[in-house]
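Coordinate analysis (summary)
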Amino acid sequence: MKRLVLLIALLPFCVSSQENTAKILPREVQINPAVLPVPEGQKDEAMVYGYNEKGEFVVLREGTNNLVCIADNPNRNGISVSCYSKRLEPFMARGRELNAQGKTQEERNEIRGREIESGVLSMPKEPSMLYVLFGTEEDYDTTTGALPNGKFRYVIYTPFATTESTGLPDKPHAPGMPWLMDPGTHRAHIMVGPFN
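1. Observations regarding the pairing of strand S5 (residues 128-135)
Bridge analysis of strand S4 (residues 79-85) against S5 gives 6 bridges, and the strand direction is antiparallel. Directly across from Val81, in S5, lies its bridge partner Leu133. Sheet topology note: the S5/strand S6 (residues 151-157) ladder contains 7 bridges and is antiparallel. Note that in S6 the partner of Val132 across the bridge is Arg153.

Written out as structure tokens, the structure reads:
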């Protein structure tokens, strides 16, 4: 029993130590995969968030187009990068802020939902794109940022859309088939892919 209590007491320090030892890749190596999901011709102008030498979430590159990209989080397993319309930035930034406060996914959804309803938080009324590329650490080239076997997923945020208003099902019936997730809520979005 004493060992169990000691293990539980030391757990926060173990987790903290693991987070601090994550290898932070050079700025360009973070940027290269972060913009991979973006269509050609838009990569060089996209804004990119990533991590500095201290592991802090920072802007790696200012952008000039309407896309915001997020580099892979070195503290999470696997590789995942995403890019989205700047119109989604208030929603995404608020999610990151709530996550940093230790809120659960359910709490984040509830808080942002209330804030959107009250007008405190803005959410685009028109469809807004999110591009995702994910893969395994084994496939990730940490010298160039290449992810040759990565898989794409496309998400189109359509707040408050329903299966009736879109004609889309609420689950896919075939690989890669578009479907509507979280219908009727501020988080409603069309999912496309992955394709296998």
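2. Concerning the packing of helix H3 (residues 89-100) against helix H4 (residues 105-118)
For the pair H3 and H4, interaxial distance at closest approach is 10 Å and the crossing angle is 135 degrees. Regarding the angle of H3 to H4, the classification is oblique. For the crossing formed where H3 meets H4, the hand is right-handed. Here H3 contributes Phe91, Met92, Arg94, Gly95, Leu98 and Asn99 to the contact with H4, which in turn contributes Arg108, Ile111, Arg112, Glu115 and Ile116. Of the residues that constitute the contact of H3 with H4, the class distribution is 5 nonpolar, 2 polar and 4 charged.

3. What about the nonpolar core?
Among the nonpolar cores identified, the biggest contains 17 residues, and Tyr84, Leu88, Phe91, Met92, Met123, Leu130 and Tyr157 are the most heavily contacted of them. Put simply, the parts of the chain that give this core at least two residues each are strand S1 (47-51), strand S3 (67-70), H3, S5 and S6. Among all residues touching Met123, those that are not within four sequence positions of it are Leu88, Phe91, Ile116, Tyr157, Pro159 and His186. By size, the runner-up hydrophobic cluster in this structure holds 12 residues, among which are Ala34, Val35, Cys69 and Tyr131.

4. Topic: the environment of Pro90
Residue position: Pro90 is located in helix H3. By relative accessible area, which is 33% here, Pro90 ends up partly exposed. In sequence terms Pro90 and Met123 are 33 residues apart; their C-alpha atoms lie 7.5 Å from each other. With sequence-adjacent residues up to four places away left out, Pro90 is seen in contact with Leu121 and Ser122.

5. Overview of the confidence of the model for the protein chain
The predicted model of the protein chain averages 88 in pLDDT, with 89% of residues at 70 or higher. Mean pLDDT across the elements of the protein chain bottoms out in helix H1 (residues 2-20) (38) and peaks in S3 (98). Every residue in residues 1-20 scores below 50 in pLDDT, and together they form 1 contact with partners more than four places removed in sequence or on other chains.

6. A closer look at the side chain of Asp72
By secondary structure assignment, the location of Asp72 is in the loop between S3 and S4. In this structure Asp72 is buried but unpaired, with Arg76 as the nearest side chain of opposite charge at 7.7 Å. There is a polar contact of 2.8 Å between the side chain of Asp72 and the backbone nitrogen of Ser80. Contacts of Asp72, omitting those with residues within four sequence positions, involve Tyr51, Gly78, Ile79, Ser80 and Val81.

7. With respect to the state of the cysteines
In total, this model carries 1 disulfide according to the counting rule given. Sulfur-sulfur distance for the disulfide between Cys69 and Cys83 comes to 2.1 Å. Judged by the sign of its S-S torsion, about 110 degrees, the cystine formed by Cys69 and Cys83 is right-handed. You can see Cys69 sitting in strand S3 and its partner Cys83 sitting in strand S4, a full 14 residues away along the chain. Neither Cys69 nor Cys83 differs from the other in exposure class; each is buried.

8. Considerations on the pattern of salt bridges
Counted by the stated rule, this structure contains 9 salt bridges. Across the pair Glu28 and Arg27 runs a salt bridge whose closest N-O atoms are separated by 2.7 Å. Glu28 gets classed as partly exposed once you look at its relative accessible area, which sits at 43%. With relative accessibility at 40%, the residue Arg27 sits in the partly exposed group. One network of salt bridges, with partners in common, ties together Arg94, Glu97 and Glu115.

Quick notes on the rules
Residues numbered from 1 in each chain as written. Predicted model: local features only at pLDDT ≥ 70, side-chain atom pairs only at ≥ 80, totals over all residues. Heavy atoms only, no water. Pairing = 2+ DSSP bridges. Helix = DSSP H or I, 4+ residues; strand = E, 2+ residues; numbered from the N terminus. Axes fitted to C-alpha atoms, helices over the stretch in contact; angles between N-to-C directions. Parallel < 35°, antiparallel > 145°, perpendicular 65-115°, else oblique. Left-handed = near helix turned anticlockwise from the far one by under 90°. Contact = heavy atoms within 4.5 Å. Nonpolar A, V, L, I, M, F, W, Y, C, P; charged D, E, K, R; others polar. Core = buried A, V, L, I, M, F, W, Y, C linked by side-chain atoms within 4.5 Å. Buried < 20%, exposed > 50% of the residue type's maximum accessible area, 1.4 Å probe, protein only. pLDDT = per-residue confidence, 0-100. Lys, Arg positive; Asp, Glu negative; His and termini not counted. Salt bridge = Lys/Arg side-chain N within 4 Å of Asp/Glu carboxyl O. Polar contact = N/O pair within 3.5 Å; in protein donor to acceptor, adjacent residues only side chain to side chain. Disulfide = S-S within 2.5 Å.

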